[in-house]
Amino acid sequence: MNGHHHHAEGSNGWQFARHGGTEGDDETERDHRSSTRSDPSSSRTGPRGMNGGYEPDMRTSVTDLPDAMVPWRAAPGKIKTAHAALVLCLNIDTNPCAVLEAWALEVIGTNLQHQFEGLNPKISYKPILDPSKEDLKRFCVTLRKQAMEDAVLFHYNGHGVPKPTPSGELWCFNRNYTQYIPIALQEIQTWLRSPCIFIWDCSAAGNLLSNFVKFAEQRDSDAKLHGGGYPEGTPPYSECIQLAACAADEQLPSCPELPADLFTSCLTSPIDIALRYFLLANQLPNGITSDQDRRTPLGELNWIFTAITDTIAWTTFPREVFTRLYRSDLLIASLFRNFLLAERIMKNYHCTPHTYPPLPPTNTHPLWASWDLALPNLLKNDVSLGARNRRQATRSDQAAQSSSSAASGDKSYTYIPSRFFTDQLTAFEVWISRGGSALTKPGPLSLPMHIPADQLGLDGTTDLAPYPASTFQHSEHHLVPRKPPDQLPIVLQVLLSQPHRLRALILLSQFVDLGPWAVHLALTIGIFPYIARLLQAASQDLKPVLIFIWARISAVDPSCQVDLYNNHGYKYFASALAGQDDPRQSLLPNGSEHKAMCAFILSTVARDYMHGQNACWRERVLDSCFDHLDEGDFLLRQWSALCIAQIWDGNDEIKVYGYDRRMQDKLIALLSDDSPEVRSAALYALSTFLGASGSADLNKLGGGGSGTMYQLDERIHFRVEVAVVTGAALAIKEDASPMVRKELLVLISCLVREWRGHFIVCAWIYWEEDRRWKEGEENPDDDVAANAIMEWLDSFGDDEEYRAENRVLLSSFFTIFSILLELSVDPYQEVATNAQTVVDYIMALLLDSPFTRLESTTLNRPPSTVSDAKSLLNGMRPRVPSNPSTQTSAHPPPPPAGRPQLTRSETVSNTIQNGVTSTLRRTSSFANALRSLAGNIAFPSLEDGRSSPKPQQTSYEQERTEVVEGVSRPPSPNLNFAQYTSVYSRPESPPDGYPHSASSDAHLPTSAFLPSEAMEALTAEDMERAHYRHRGHPHHRDESGGGTSPSGSTFSVDSSVQYGLGTGLGIRDVLPLKSRFYDWCCEYFKEPQMRQPEADEPGSVQYNYQVWRQQRNEQVIEDTHKQALEAPRCRWDRPVTTIQVNGLPLSLAFHAFDPHLVIANESDMITVWDWIKRKRLNKFFNGNPRGTSITSLHIINQDVGGIILTAAADGMIRLYRNYDPNLSNGPVQMVSAFRGLNEVLQVKRGSGVVTDWKQAGGTLLVGGDSRIVRVWDAHTESQVMDLDTNAESPVSALTSDSGSSSVFLASFADGSVKIFDRRLEEEDAVVRSYNQHTSWVQNVKWHPTLIGQFLSGSADGEVKLWDYRGSDAPLQTWDLFSQGLSAFDVHEQTEVFAATSALMVSNWRTQRTEVHSLATKRPLGSLTTGLTIPPPRESMTPFTPKTSSLVFHPREMVYGVGSWDGTVRIMGCKLPSVS
């Protein structure tokens, strides 16, 4: 039994300090350190150190977390080990008289127990020494009972019994120890059940492993076959973990220098065995002291061993296996980390350790070389230290001599730490700085693409990788992240060392900045508990980098909110957010940005989490955010508002506090902020204040208004909610940013849900007034709505103040409802879709309201139509959009679920409107809105007898008719989340006893009550609902998320108010709308901030393209400048090309640098041509209403590509990108759209909307049929000013000064030309006015070379040259065409202008275009076009009196002329070099 005695002694050989001390130099290091812990029964202590991975305190952050919601927290089959059986069959005490051997066995068992306790001291280990079969069964059954659903470790040492049989039997003894008894593995499986961890330390251990797997799979399949599987919580047997010392045909080594149980010693005492093995392999002396402090050689060696084995596992094993084995349980992680050493050592002794699940071999991993390099240096340190200690011990016996003088003779020993971690950090730094952050093509050097199906998002993307899983199938050029560096697990270990910590954190922050995939890798590797503990550290130098890392973690995994709440980590960020910037300490570089990150992190803590909200409130985060709303950094203002939104979301008590601090007033003031993100964030905060939900759950819509507000009177509470929404609606309704308008709709929907009765009243009033206006009724006695309002106000008695208050409130509701109707026909698809949901909700309630049962109502009569689209804008409805068609789709994309595709039978030309979701698109009036809603009411629609002269039916007209006549849909935005939600659920028939809704029958019997009584009932029911809410009983919706019905009345049965009861029966509660703005903002913290975007990264494809483009543009400018000097003296009659388009090419625009020509016809079709190759690149529809035209066209941002900007006569500005298929594979995208002018006046012959774009300042001038010129700022997406034109005629053209000047020109239909200066007051911006023209001025342009001069061309055929520094008379006049002038333009670079004659009914066969030189005052050429079809007697379009178009190229010496027959001719200059 010497071998086993050797085992016992070997276990006591080099044991070092146990891991359990609390002293240390740093709070974070405390639980990761090693200190000595003595054992009274033995001179040894178990090996510990960092080998255990997660130390006791840290382990609670990992293994005791709530159920895992993301993969990094734990593997799917997470295991927690609770009990262990250490079965030793050594055949030592089988003779009852062998007392010495029995004592030896007990020592071996005790030592083995201590060794396992070094791996995890919290587990109960039970040594079972030479057991009989009955004893073994009893122990196993007892352990399973104690462990319940946790895992049991079963360690089997069979060195004293026969080796296992090929059929899977292991051996123990009978009760009298007279013979060996085989035990089948099936029996052990029955006793221990699952989950379990098995260690087989015996020869031929592979027999046990392979047979166990076979039996386990058989049991699992039988259970599925017969019982449908195991009870919930019981994992299958095949998920048990096994470690075997050798293969089935192998014998354990018997080397006298090594322990007999080499496998067990490697698993439990790895540093001990590693040192023994190294000394044996290198014939070194044996004399190593034991110490485990990380600042000593062996302590550091233990630390390095943990880092290396972790890294080997991380780089070799699949992610799921790594997470399951190394990050779910402390004991399992230690065993498998040490198993790597066992495999390396035992393979040198012809043994092959095995595991289940099987793992790839690691004994030849390159990192073992680093281990072999670290050992000699550390041993040299340790030997030097040991020699010094021995010398000091000898001298200490000589007490008479001075100890100080004795020591002074020795050279002081200095411990030199290993460079291992420093070198590894340097390697990691090199990876990041030398292209690790760059993207690469998919391959062996790229990030693996394995993504579990359950982690894919709705769009096929995932946070694990920043690219869709299907990308590789579509593009071989798609770039993906590089394979992460091998040093990542080592960086995790370095966080434990104070000297290296700051450097490691900075490198880690650079790594997680690469994207969500990097954050996920860091979390998977186990960084979370370490980063969490660092929040307890007081070190100020760590604060910026910790805030940065936590912002990335919170963005990728919002579930960390629970951890930050439980460990009070939120206090760290609350103090950083509230901290005042100390000028003496530059602790937070970019302080406002780091405070914005703190606000973001705290908002994720509070989001949809009541504990987090209250915790932030207690830490005064709300006040800090409120104070930061005035900061100069827009990001801090934005996230302060969003943090406020999440803290008071659904929390009535915090809303009361916020209201008392007047936070809502500050947020309304932010609605005039320069940043659209800040304006949206303020609206988002106001929406959550009024009941919208900020939850990530899309089915959680919110509701309940601003909560109880118990400190306010109910009427004041009512006025507050209305005032917030009214103020926001008036400030935002014409905002140029669709993002801001979307958030406004969410805010309005909150008010609609809580005060729907008032909106029903407003909808009815609008309907009745609209009917009177359209039918031309003048008799005031027939004004049902006005009379009802008067009677309703009279019902309030003699209290004038109360009457006035109700009149103002109703007016506010009516204003909001009108704004809703405008937004329902917004040019931006998402805005319109959301507004349609709200409007249809109100309309559905109106059709179910008591108003449908009035004798005097017109709700059940079919709406009338108006023949001409433009006349709809006359009279009292200037703000209502202008087309009665219900849809605007040309080539409709697949509709959202539950929304039928638009077909001919569903258009307004059909006689019956049916189907619920045929929604409002373009409405001329509320009548058409109702008709569009349908709801099974039979509204016969008259043919809208609009007719206008057209050219002959071309293929274009046939093409348009095939879609739907008069209906087109513009390109969609890039990210269109909005989906129309029908208010009708159509479940089952209403229960008996309830009145059927009006929508089910168009001929309901009328009731004998007055409209004012219906108004009173609906508004009173709103107040009763508010009263119920005020008492602290908010109206909750179904838990299922489907929404309740708004008909849920709050009245008692004996209530005197009855008309509102049942309103909305069968109508789904689809409000408030759900905002996605917060999630969109969170994406900012997932994007790389430390490195340049791909387009700015030298060497990238985008960067190279932009560099080439810039050089090409500079070459074009240089070449055309030379040509411009020659062109005024050359002929301009060189034909270049001819393009044929459908319809009249009303507007043309050349790209300055690309060979692109954009053409808009008289309706809404835009085509993009390569005019050099004469090839059409793209065609799409603008989506403006039928009867209106695109009246202005520009290409902006031409230096870097180009965006098409259109302005149509409906007042809408639309911007499109991706129109060149050579540069972008996707379809044309709408970048933005907004209402450029709201007050469009109606004149018999107008100019529509006229614009001018000034690239230098990003300024857009918008005029036209309006008394103002509105100035828009593209950078802030907001209007800057409205300049009065001081004219009674439309603006016909606008031209900005090309430099930095604030001066611009405007020409008018009455023949005047005015100069404006934007620096002056809005009413007095006109500085000069010229009135020499007697007719419509077609265009006005600055002189291309002379400052202060400009030219204008009028419809009577005259062109005049002016100088604003001189008199009011023109410098020169050209009388070009006696029959009139149709188009006029001036070249921007050279002294040349051109004009085209007008077509006349008497002389229509020819049309002439002349080019004149400003330098020589001579004509340079003419183009005569012959026409074969007479023009219509009326103009092709009611806008701009022109029958052709003319435009010069901005750079090249060419011009384009568009004729009414659809021909665009491009002519050029005969330059000397060309001819």
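Bear in mind that the values here come from a model prediction, so they are computed numbers and not experimental data.

### Overview of the sheet that holds strand β35 (residues 1419-1426)
In any sheet, the strands associate via hydrogen bonds between backbone groups, in a parallel or an antiparallel arrangement.
Reasoning step 1: With antiparallel pairing, 4 strands are arranged side by side in an open sheet as β32-β33-β34-β35. The open sheet terminates on both sides in strands that have one partner only, identified here as β32 (1381-1386) and β35. For this sheet, the mean angle separating the axes of adjacent strands, direction not counted, is 15 degrees.
Reasoning step 2: As judged from the 5 bridges shared by strand β33 (residues 1392-1397) and strand β34 (residues 1406-1413), these two strands associate in the antiparallel manner.

### Things to note about the packing of aromatic side chains
Reasoning step 1: A full pass over the atoms with the stated rule returns 57 aromatic pairs.
Reasoning step 2: For the ring pair F116 and Y125, a centre distance of 5.8 Å and an interplane angle of 35 degrees mean the geometry is tilted.
Reasoning step 3: Judged by its relative accessible area of 1%, F116 is buried.
Reasoning step 4: With centroids separated by 5.5 Å and ring planes inclined at 70 degrees, the aromatic side chains of F528 and W550 adopt a geometry described as edge-to-face. Here the residue F528 occupies a position in helix α19 (residues 528-534), and W550 occupies one in helix α20 (residues 543-556), the gap between them amounting to 22 residues.
Reasoning step 5: In this structure F528 comes out as buried when scored by relative accessible area, which is 2%.
Reasoning step 6: Taking the relative accessible area as the measure of exposure, W550 reaches 0% and is therefore buried.
Reasoning step 7: Joined through ring pairs, the aromatic side chains of F600, W639, Y684, F1077, Y1078, W1080, Y1084 and F1085 make up one cluster.
Reasoning step 8: For the cation-ring pair, R138 lies above F139, with the distance from its terminal atom to the ring centre recorded as 5.0 Å.

### What about the pattern of salt bridges?
Reasoning step 1: Across all of its chains, the model carries 48 salt bridges by this definition.
Reasoning step 2: Between E805 and R715 there is a salt bridge, with its nearest N and O atoms 2.6 Å apart. With E805 in helix α34 (residues 800-823) and R715 in helix α30 (residues 714-732), this pair connects stretches of sequence that are 90 residues apart.
Reasoning step 3: Overlapping salt bridges bring together E721, R753, E754, R1029 and D1069 as one network.

### A look at the packing of helix α33 (residues 784-794) against helix α38 (residues 1011-1030)
Reasoning step 1: Remark: α33 packs on α38, axes separated minimally by 8 Å, with the N-to-C direction vectors making an angle of 60 degrees. Here α38 runs oblique to α33, going by the angle between their axes. Two packed elements cross with a definite hand, and for α33 against α38 that hand is right-handed. In this structure, α33 contributes V784, A788, I789, E791 and W792 to the contact, and α38 contributes P1011, S1012, M1015, E1016 and T1019.

### What about a negative patch on the surface?
Reasoning step 1: On the surface, E1321, E1322, E1323 and D1324 cluster together into a negatively charged patch.
Reasoning step 2: Tracing the chain through its elements places D1324 in the loop between β26 (1313-1317) and β27 (1326-1330).

### Side note on the nonpolar core
Reasoning step 1: If you look at the biggest cluster of nonpolar residues, it comprises 289 residues, and the most contacted ones within it are F154, Y156, W200, I531, W550 and F851.
Reasoning step 2: For F154, the contacting residues outside a window of four places in its chain are A85, V87, L136, C140, I188, L192, I197, F198, I199 and W200.
Reasoning step 3: If you look at the next biggest cluster of nonpolar residues, it comprises 18 residues, including C1130, W1132, V1411 and L1420.

### Quick word on helix α23 (residues 591-606)
Reasoning step 1: With 16 residues, α23 extends 22 Å between its outermost C-alpha atoms, agreeing within 8% with the 22 Å of an ideal straight helix rising 1.5 Å per residue.
Reasoning step 2: Of all 16 residues that make up α23, 14 are buried, and the element is covered over most of its length.
Reasoning step 3: Positive backbone phi, at 55 degrees, marks D608, one or two positions downstream of α23.

### Observations regarding the pairing of strand β20 (residues 1249-1254)
Reasoning step 1: The element β20 is extensively covered by neighbouring structure, given that 6 of its 6 residues are classed as buried.
Reasoning step 2: Taking every second residue as pointing to the same face, both faces of β20 are buried, with V1249, T1251 and W1253 on one and V1250, D1252 and K1254 on the other.
Reasoning step 3: Pairing of β20 with strand β21 (residues 1259-1264), which is carried by 6 bridges, proceeds in the antiparallel orientation. In the strand pairing of β21, D1252 is matched with L1261.
Reasoning step 4: Joining the antiparallel neighbours β20 and β21 is a turn of 4 residues, in which G1258 adopts a positive phi near 65 degrees.

### Things to note about the sheet that holds strand β37 (residues 1454-1459)
Reasoning step 1: Read across the open sheet, the 4 strands follow the order β11-β38-β37-β36; overall the sheet is antiparallel. Two strands lie at the open edges of the sheet, namely β11 (1134-1140) and β36 (1444-1448), each paired on one side alone. Strand after strand, the sheet turns through a mean of 15 degrees between neighbouring axes, direction not considered.
Reasoning step 2: Bridge count for β11 against strand β38 (residues 1463-1468) is 6 bridges, and the pairing is antiparallel. Note that in β38 the partner of T1137 across the bridge is I1466.

### Here's the deal with the environment of Y177
Reasoning step 1: Secondary-structure assignment places Y177 in the loop between β4 (169-173) and β5 (180-184).
Reasoning step 2: Spatially, the C-alpha atom of Y177 lies 9.1 Å from that of P131, the residues being 46 residues apart in sequence.

### Some thoughts on the side chain of S1100
Reasoning step 1: Its place among the elements puts S1100 in the loop between α39 (1077-1082) and α40 (1101-1126).
Reasoning step 2: Among the polar contacts listed, one links the side chain of S1100 to the backbone nitrogen of Y1103, at a separation of 3.1 Å.
Reasoning step 3: Among all residues touching S1100, those that are not within four sequence positions of it are E1094 and A1095.

### Some words on unusual backbone geometry
Reasoning step 1: The amide bond that connects S194 to the next residue, P195, takes the cis arrangement and shows omega of 5 degrees.
Reasoning step 2: Structurally, P195 can be placed in the loop between α5 (185-192) and β6 (196-201).
Reasoning step 3: In this structure, P357 follows Y356 across a cis peptide bond, with omega equal to 5 degrees.
Reasoning step 4: Tracing the sequence through the fold places P357 in the loop between β8 (354-356) and α12 (367-395).
Reasoning step 5: One non-glycine residue with positive phi stands out, namely A204, at about 55 degrees.
Reasoning step 6: Within the secondary structure, A204 sits in the loop between β6 and α6 (205-227).
Reasoning step 7: Relative accessible area serves as the criterion here: at 1%, A204 is assigned to the buried category.

### Comments concerning the confidence of the model for the chain
Reasoning step 1: Put simply, the chain has an average pLDDT of 77, and 74% of its residues get 70 or more.
Reasoning step 2: A low-confidence stretch, residues 94-101 (pLDDT under 50), is modelled with 4 contacts involving residues beyond four sequence positions or located in other chains.
Reasoning step 3: Within the model, pLDDT remains below 50 along residues 1047-1059, and this stretch shows 21 contacts once partners closer than five positions in the same chain are excluded.

Definitions and cut-offs
Residues numbered from 1 in each chain as written. Predicted model: local features only at pLDDT ≥ 70, side-chain atom pairs only at ≥ 80, totals over all residues. Heavy atoms only, no water. Pairing = 2+ DSSP bridges. Helix = DSSP H or I, 4+ residues; strand = E, 2+ residues; numbered from the N terminus. Axes fitted to C-alpha atoms, helices over the stretch in contact; angles between N-to-C directions. Phe/Tyr/Trp six-rings, centres within 6.5 Å; stacked < 30°, edge-to-face > 60°. Buried < 20%, exposed > 50% of the residue type's maximum accessible area, 1.4 Å probe, protein only. Lys NZ or Arg CZ within 6 Å of the ring centre and 35° of its normal. Salt bridge = Lys/Arg side-chain N within 4 Å of Asp/Glu carboxyl O. Parallel < 35°, antiparallel > 145°, perpendicular 65-115°, else oblique. Left-handed = near helix turned anticlockwise from the far one by under 90°. Contact = heavy atoms within 4.5 Å. Patch = residues over 30% accessible without salt bridge, like charges linked within 9 Å, V, L, I, M, F, W, Y side chains within 5 Å. Areas by Shrake-Rupley, 256 points an atom, 1.4 Å probe, with all protein chains shown as cover. Lys, Arg positive; Asp, Glu negative; His and termini not counted. Charge placed at Lys NZ, Arg CZ, Asp CG, Glu CD. Core = buried A, V, L, I, M, F, W, Y, C linked by side-chain atoms within 4.5 Å. Expected span 1.5 Å × (residues − 1). Polar contact = N/O pair within 3.5 Å; in protein donor to acceptor, adjacent residues only side chain to side chain. pLDDT = per-residue confidence, 0-100.

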